[in-house]
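Notes for the structure review
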Amino acid sequence: MKPREISGEECEQLLANSRFGRLGLSSGGEPYVIPMSYVYADGSILLHSGLRGRKLEMARENPRVCFQVDSVERGRWRSVIAFGEARLSEDAAAKERLFDIFTKKEMAGHGGKSFRREDMERMPMVIWEIEIQEMTGREGVW
């Protein structure tokens, strides 16, 4: 089977069912790709990170990012690339929204550790929200 485009609905389904993807950034002519856990909700990709690091520096300089997820099962592959701008926040409301989405998706914290809302509000973290502006997807067979 030649690779084919998949529909927007199929792209959203892959984003909703995956937990890990790759964040692509570019700053000063340098590309940077990093694997990250995430959740997808309401047309946005939500991530969280520490308060410092290369990816934060790059996103602050150039918030235009892409996010890629894929799936391979029995030789059939699917891949989605979403483009948008990263909005970064450290406020309690952003953390609460992320906590609520994680809870609805029955996702625990790092390493499967459960956490409470109060724990998350105190955690030093940056919430990333990437509202998808453009998305493409393909599938094929190896």
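Before reading on, note that the structure itself is shown above.
Here's a quick rundown of the structure. What you are looking at is a predicted structure, and each value in this text was computed from that prediction instead of being measured. (Residues numbered from 1 in each chain as written. Predicted model: local features only at pLDDT ≥ 70, side-chain atom pairs only at ≥ 80, totals over all residues. Heavy atoms only, no water.)

1. Describing the environment of K55
Here K55 is to be found in helix α2 (residues 54-61). Overall, the relative accessible area of 18% leaves K55 in the buried class. In this structure the C-alpha to C-alpha distance between K55 and L23, which are 32 residues apart in sequence, comes to 9.0 Å. Residues in contact with K55, not counting those within four places in the same chain, are L25, Y32, I34, M36, S49 and W128. (Helix = DSSP H or I, 4+ residues; strand = E, 2+ residues; numbered from the N terminus. Buried < 20%, exposed > 50% of the residue type's maximum accessible area, 1.4 Å probe, protein only. Contact = heavy atoms within 4.5 Å.)

2. Topic: the pairing of strand β2 (residues 20-27)
Where β2 lies against strand β3 (residues 30-37), 8 bridges are found, and the strand directions are antiparallel. Counted as the bridge partner of F20 is S37 from β3. Where β2 folds back onto β3 in an antiparallel hairpin, the turn is made up of 2 residues, including G28, whose phi is positive at roughly 55 degrees. With 3 bridges connecting them, β2 and strand β6 (residues 64-73) associate as antiparallel partners. Among the inter-strand pairings, R22 is bridged to a residue of β6, identified as Q68. (Pairing = 2+ DSSP bridges.)

3. Some details on α2
Taken together, the buried positions of α2 are K55, L56, M58 and A59. Relative to the axis of α2, the buried residues are bounded by an arc of 165 degrees and lie together on one face. Opposite its buried face, α2 presents the exposed residues E57 and E61, each directed more than 90 degrees away. Against the buried residues of α2 lie β2, β3, β5 (44-49), β7 (76-89) and β8 (126-141). (Arc of directions from axis to C-beta.)

4. Section: the nonpolar core
Among the nonpolar cores identified, the biggest contains 25 residues, and L15, L23, Y38, I45, L47 and W128 are the most heavily contacted of them. Mapped by element, the contributors of at least two residues to this core are α1 (8-17), β2, β3, β5, α2, β6, β7 and β8. The leading source of residues in this core is β8, at 4 residues. Discounting chain neighbours no more than four positions away, the residues touching L23 are Y32, V33, I34, M36, L47, V65, C66, F67, W128 and I130. In this structure, A94, I101, F102 and M125 belong to the second largest nonpolar core, which totals 9 residues. (Core = buried A, V, L, I, M, F, W, Y, C linked by side-chain atoms within 4.5 Å.)

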